[in-house]
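Architecture and fold: a report
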Amino acid sequence: MVDFKTYFELLNLYSDYAMACDSADWENWPEFFVEEGTYRLQPRENYEEGLPLCLLALESKAMIKDRVYGVKETMYHDPYYQRHIVGTPRIISVQRDHQGERILSEANYTVIRTKLDGESTVFSAGFYRDVIVRKPEGLKLLSRLCVYDSEMIANSIIYPI
C-alpha cells in the first residue's frame with residue numbers, strides 16, 4: 001500500500017510521539033498534529049457501540065496546545081513517569097486524492113505509570129486509530145483516537161496517552 005520510505009516515516013511518527021510523551025516534552029506534543037488535528041480518548045465499549053462519548057476530546061491543535069498549558073501550569077497531581085509500549089502500526093487503508101495522501105492506521109499501545117515513590121503499573125492499554133497526512137515537514141496526525149480497553153481509569157488522565 002505504501003513504499004518503504006513512507007512506512008519507515010510512519011514507524012518514526014509512532015516512536016517519536018511515544019518518546020515525546022515519555023520524556024514529558026509537552027511543548028513538542030502538539031507538533032505531531034496538523035492545525036485541524038483532533039485527539040480523543042474513548043472507552044472501547046463506546047467505540048464498539050458507535051457511541052460518540054469520549055473521556056477527552058480535543059478538536060484542534062489549539063485545543064491540544066491548551067491541554068499542554070493545563071498539564072504544565074494549572075493541574076495539580078502527584079507526578080509520575082509514563083512509558084509507552086507501542087506495537088507495530090498496521091496500515092488499514094491509503095487514500096490518495098487532490099488533497100494528498102491519507103493513511104488510516106492502527107497500533108496497540110500500553111502505557112505503564114511509575115509514581116516517584118511507588119512501583120510501575122499498567123495505566124492504560126488499548127489501541128490508536130489514526131488518520132495521518134503528509135505535510136512538507138513530514139507525516140502528521142489529522143486525528144488520533146485512543147481507544148482504551150478498561151472502563152476503569154486510575155485517578156485521572158493528566159498526560160497524553
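Residues numbered from 1 in each chain as written. Predicted model: local features only at pLDDT ≥ 70, side-chain atom pairs only at ≥ 80, totals over all residues. Heavy atoms only, no water.

1. So, the pattern of salt bridges
If you walk through the whole model with that rule in mind, you get 12 salt bridges. The salt bridge involving aspartate 149 is made with arginine 44; its shortest N-O contact spans 3.2 Å. Taken together, the residues aspartate 149 in the segment after β7 (138–148) and arginine 44 in helix α2 (residues 44–49) connect sequence positions 105 residues apart. The exposure class assigned to arginine 44 is partly exposed, which follows from its relative accessible area of 34%. Two residues, aspartate 130 and arginine 144, come together in a salt bridge whose shortest N-O distance is 2.7 Å. Residue aspartate 130 is located in strand β6 (residues 120–135), and its partner arginine 144 is located in strand β7; the two are separated by 14 residues in the primary sequence. Note on aspartate 130: relative accessible area 0%, which makes it buried. Take arginine 144: its relative accessible area is 2%, and that puts it in the buried class. (Salt bridge = Lys/Arg side-chain N within 4 Å of Asp/Glu carboxyl O. Helix = DSSP H or I, 4+ residues; strand = E, 2+ residues; numbered from the N terminus. Buried < 20%, exposed > 50% of the residue type's maximum accessible area, 1.4 Å probe, protein only.)

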